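A look at the structure
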Amino acid sequence: MKTYIKRTLILSISIFIAVSCSEDEFLKEEPLDFFDPANSFVTLENFESSLADLYAKYRYIFYTGDSGGFFSFSYQWGTDILKNARDTEEARRFGNYVSTLDPTGSVPEWHWDRWYKIIANANTIIAKLDNSELTDKEKIRVEGEARLFRALSYRHLVYLYGGVPLVLEELSEPKTDFTRASKDDVLNQIIIDATFAATNLPDIAEVDDGKLCNLVAQHLLAETYISLDNFDEAIAAASVVIENPSTALMTDRFGSRAGEMPGDVYWDLFRRGNQNRSSGNLESLWVAQIEHDIPGGLLTTDENSGNLYERYHSPVTWTLNDPDGNPGMLGPRSDLNVAGRGVSFLRPTAFFEDDLWLDNFDNDIRNAPHNYVRDVIYDNPESAWFGKSAKDNPGPTLLNQDWRWYPHLSKVTTPGNHPANVIADPTLNILKNSAGPTFSDAYYLRLAETYLLRAEAYLGKGEMGNAAADINRIRERSNALPVTPGEVDLDFILDERARELAMEEQRRITLQRVDKLVERVRLYNDLNTDDILDHHNIWPIPAKEIEANINGKLEQNPGY
């Protein structure tokens, strides 16, 4: 079934030529061997192909974006925990908030266009159901998937831009009189669509890996109810997910590399082949299917294909020279020491490297050396510094360009498990230049996040003991010291989300959702402390959208 999820919608258009018919017959031509709106949405196969395209478009935004993936990382760069590694002001990497969030800039426009494209396609699917051959049961399930994609798209739009136009019908002709709905109206529409999906989509135990299910909708409902200060409903929705008999936090070693040391259950969560429920992982709720070299999938030989987190987050360790100026590293390698073929674009802030771990630095398994790699050893036998720490004995390149190595999370790479066709030298595990993507599937949602959402809802309701209990379920698994009810506040929950979910959650969406982005960037991101302004907690409406809306008024967000 992975082939189904990975393939995109391809409409093959042929030209029908009448060979021997009268003029009248020719004018009555019926579309029999090409696609048009009359025959593109008839059978269940037609609709499944269109849904597959929604999965592909959603995955594309986060993992296979344009311009080498720069836009995909907009949800990570310029936050409290991650920054532009090279300290440049390049707009695409959030090197400077003012230039990045210009209303005419490419970042706000790229994301606006792609979320509304998913919404438009979802609306078309919904509109075509009535005149299809689908059974009532099939119609409800297809509509549930389409409406959940619409809800997820509005989820991103409302937290990025605030109130935005609500488009809930298929548009058959250009429209130039859009108006902005209020933020609450958008949130309430998410509730309507996600409730329909939660009611009508199959249970998580009944769907194939990568497919949307009722629990994804319940998780989204929990988050959205929090934004509406409806904490009882948020707790109820999150509890449906947590109490489902088919979900559980993984607390014991499991999966493809469970016997390896060093390692632990947190390490296992991110090993190749361990993300999906078919591997025994009951913690996964929704997983992006990114495995390579299967029919209709991505290619290992394309260095910009798939999940580019290894390339962007892992440092360019393999370029380091030793203190004598000689090559200190053999090259990009499939091991934990080098972390694949990184290029040093996405670096942890000092806060995420150090302060966030101080109380549990040595006991929290998420900070263990195999999960948060904090040293690098010269591996070139020809170097006089072979076997010594490059961090403690930096060479000229690292002294002059400190972005060439930094502590990083091993969850973004597959050490010792890169595909054979990206390995140049199997004896030394040297990688080809085409290496760089993370060669595994990736979590969209994991049960640990649902626990932290419910803790946030309990906090909003003032039930501090219950909030602490949910947080401690996560901390107990990680061997971190328990938090007391008196220590729980929103910042503590955000800190715990960073420790548990960094490089998985869309950190920007989380911070903008709770209106904490500007505050925490100023506190913890040394690169963007001075250029982030008060109004940057939401993005500008793209200028081209305002200019094209000639028969209506799309008001720009304050400050832009």
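This brings us to the overall build of the protein. Within the protein one finds 19 helices and eight strands. Here the C-alpha coordinates of the protein stretch approximately 85 × 60 × 50 Å along the principal axes. Counting every position in the protein, which comprises 560 residues, the buried fraction comes to 59%. A separation of at least 24 residues holds for 71% of the contacts in the protein among residues at least 6 apart in sequence. Working note: accessible area of the protein is about 21,900 Å², and carbon and sulfur atoms make up 50% of it.

What follows is about the nonpolar core. If you look at the biggest cluster of nonpolar residues, it comprises 124 residues, and the most contacted ones within it are Y58, W115, L148, Y154, L157, L212 and W286. Among the elements that make up this core, the one with the highest residue count is helix α6 (residues 136-161) (12 residues). Apart from the residues lying within four places of it in its own chain, the contact partners of W286 are Y55, Y58, F149, L152, G210, K211, L212, V216, Y443, Y444 and L445. Judged by nonpolar contacts, the second largest core, of 11 residues, contains W318, V338, V376 and L398.

As a further point, take the layout of surface pockets. Quantified by volume, the second largest pocket comes out at close to 240 Å³. Every residue lining the second largest pocket is counted, 16 residues in all, and those nearest its centre are D359, N360, R475, F492 and R499. Residue contributions to the lining of the second largest pocket peak at three residues, all from helix α16 (residues 490-501).

Once that is clear, we can look at the pattern of salt bridges. Applying the stated rule across the entire model yields 48 salt bridges. The salt bridge involving E283 is made with R477; its shortest N-O contact spans 2.9 Å. Placement of the pair is E283 in the loop between α10 (265-269) and β2 (284-288) and R477 in helix α15 (residues 464-477), with a sequence separation of 194 residues. Each member of the pair E283 and R477 is classed as buried. Where salt bridges share partners, they join E283, D364, R366, K411, R446, R475, R477, E496, R499, E500 and E504 into one cluster.

What follows concerns helix α3 (residues 44-63). An α-helical turn contains 3.6 residues, so any two residues separated by three or four positions project in the same direction. The first and last C-alpha atoms of α3 sit 28 Å apart over 20 residues, in line with the 28 Å expected at 1.5 Å per residue. Along α3, 16 of the 20 residues are buried, which leaves the element largely enclosed by surrounding structure.

On to the packing of aromatic side chains, then. Applying the stated rule across the entire model yields 37 aromatic pairs. Taking the centre distance of 5.4 Å and the plane angle of 55° together, the rings of F62 and Y75 count as tilted. Of the two residues, F62 sits in helix α3 while Y75 sits in the loop between α3 and β1 (82-84), which places them 13 residues apart along the sequence. Of the residues examined, Y75 reaches a relative accessible area of 1% and is grouped as buried.

Moving on, we get to the environment of N281. Relative to the elements of secondary structure, N281 occurs in the loop between α10 and β2. When the C-alpha atoms of N281 and T124 are compared, they prove to be 35 Å apart, with 157 residues separating the residues in sequence. Other than its neighbours up to four places away in sequence, N281 contacts M250, F254, L269, N274, Q275, N276 and Y443. Within polar-contact distance, the side chain of N281 engages the backbone oxygen of Q275 at 3.5 Å. A distance of 2.9 Å separates the side chain of N281 from the backbone nitrogen of E283, its partner in a polar contact.

Turning next to the pairing of strand β8 (residues 442-446). Extensive coverage of β8 is indicated by the burial of five of its five residues. Taken together, the four bridges between β2 and β8 define a ladder with antiparallel strand orientation. In the sheet register, W286 faces β8, and the bridge partner there is L445.

Okay, the packing of helix α14 (residues 447-461) against α16 next. Contact geometry of α14 with α16 gives a least axis separation of 10 Å together with a crossing angle of 180°. Regarding the angle of α14 to α16, the classification is roughly antiparallel. Residues A448, E449, L452, L453, A455, E456 and L459 of α14 pack against L490, I493, E496, R497, E500 and L501 of α16.

One can describe the packing of α6 onto helix α7 (residues 183-200) by two numbers: an axis separation of 8 Å at closest approach and a directional angle of 150°. Here α6 is positioned roughly antiparallel relative to α7, judged by the angle of their axes. The handedness of the crossing between α6 and α7 comes out as left-handed. The residues of α7 that touch α6, namely those facing I140, R141, E143, G144, R147, L148, R150, A151, Y154, R155, V158 and Y159, are K183, V186, L187, Q189, I190, I192, D193, A194, F196, A197 and N200.

A cis geometry characterises the amide bond from M261 onward to P262, with omega recorded as 0°. Among the secondary structure elements, P262 is positioned in the loop between α9 (231-242) and α10. In this structure, D87 takes a positive phi of about 55° despite not being glycine. Position of D87 relative to the elements: it lies in the loop between β1 and α4 (97-100). With phi around 60°, S344 is a residue other than glycine that occupies positive phi space. Here S344 lies in the loop between α11 (309-313) and β3 (346-348).

A separate point is the environment of P262. As a C-alpha pair, P262 and Y524 span 262 residues in sequence and 31 Å in three-dimensional space. Residues in contact with P262, not counting those within four places in the same chain, are W267 and H370.

Relative to the helices and strands, N274 is located in the loop between α10 and β2. Classification of N274 as buried rests on a relative accessible area of 1%. Engagement of the side chain of N274 in a polar contact is seen with the backbone oxygen of D268, the distance being 2.8 Å. Aside from chain neighbours lying at most four places away, what touches N274 is F254, G255, S256, D268, L269, S279, N281 and Y443.

Between its terminal C-alpha atoms helix α8 (residues 214-227) stretches 20 Å, which fits the 20 Å expected from 14 residues at 1.5 Å a residue. Burial analysis of α8 places 13 of its 14 residues in the buried class, the great majority of the element.

Of all residues in the protein, 90% have pLDDT values of 70 or greater, and the mean over the chain is 91. Within the model, pLDDT remains below 50 along residues 1-35, and this stretch shows 50 contacts once partners closer than five positions in the same chain are excluded.

Procedures and definitions
- Residues numbered from 1 in each chain as written.
- Predicted model: local features only at pLDDT ≥ 70, side-chain atom pairs only at ≥ 80, totals over all residues.
- Heavy atoms only, no water.
- Helix = DSSP H or I, 4+ residues; strand = E, 2+ residues; numbered from the N terminus.
- Buried < 20%, exposed > 50% of the residue type's maximum accessible area, 1.4 Å probe, protein only.
- Contact = heavy atoms within 4.5 Å.
- Areas by Shrake-Rupley, 256 points an atom, 1.4 Å probe, with all protein chains shown as cover.
- Core = buried A, V, L, I, M, F, W, Y, C linked by side-chain atoms within 4.5 Å.
- 1 Å grid on protein atoms, 1.4 Å probe; cavity = no way out; pocket = protein on both sides within 12 Å on 5 of 7 lines; lining within 4 Å.
- Points joined across faces, edges and corners; volume = space filled by probe spheres on them.
- Salt bridge = Lys/Arg side-chain N within 4 Å of Asp/Glu carboxyl O.
- Expected span 1.5 Å × (residues − 1).
- Phe/Tyr/Trp six-rings, centres within 6.5 Å; stacked < 30°, edge-to-face > 60°.
- Polar contact = N/O pair within 3.5 Å; in protein donor to acceptor, adjacent residues only side chain to side chain.
- Pairing = 2+ DSSP bridges.
- Axes fitted to C-alpha atoms, helices over the stretch in contact; angles between N-to-C directions.
- Parallel < 35°, antiparallel > 145°, perpendicular 65-115°, else oblique.
- Left-handed = near helix turned anticlockwise from the far one by under 90°.
- pLDDT = per-residue confidence, 0-100.

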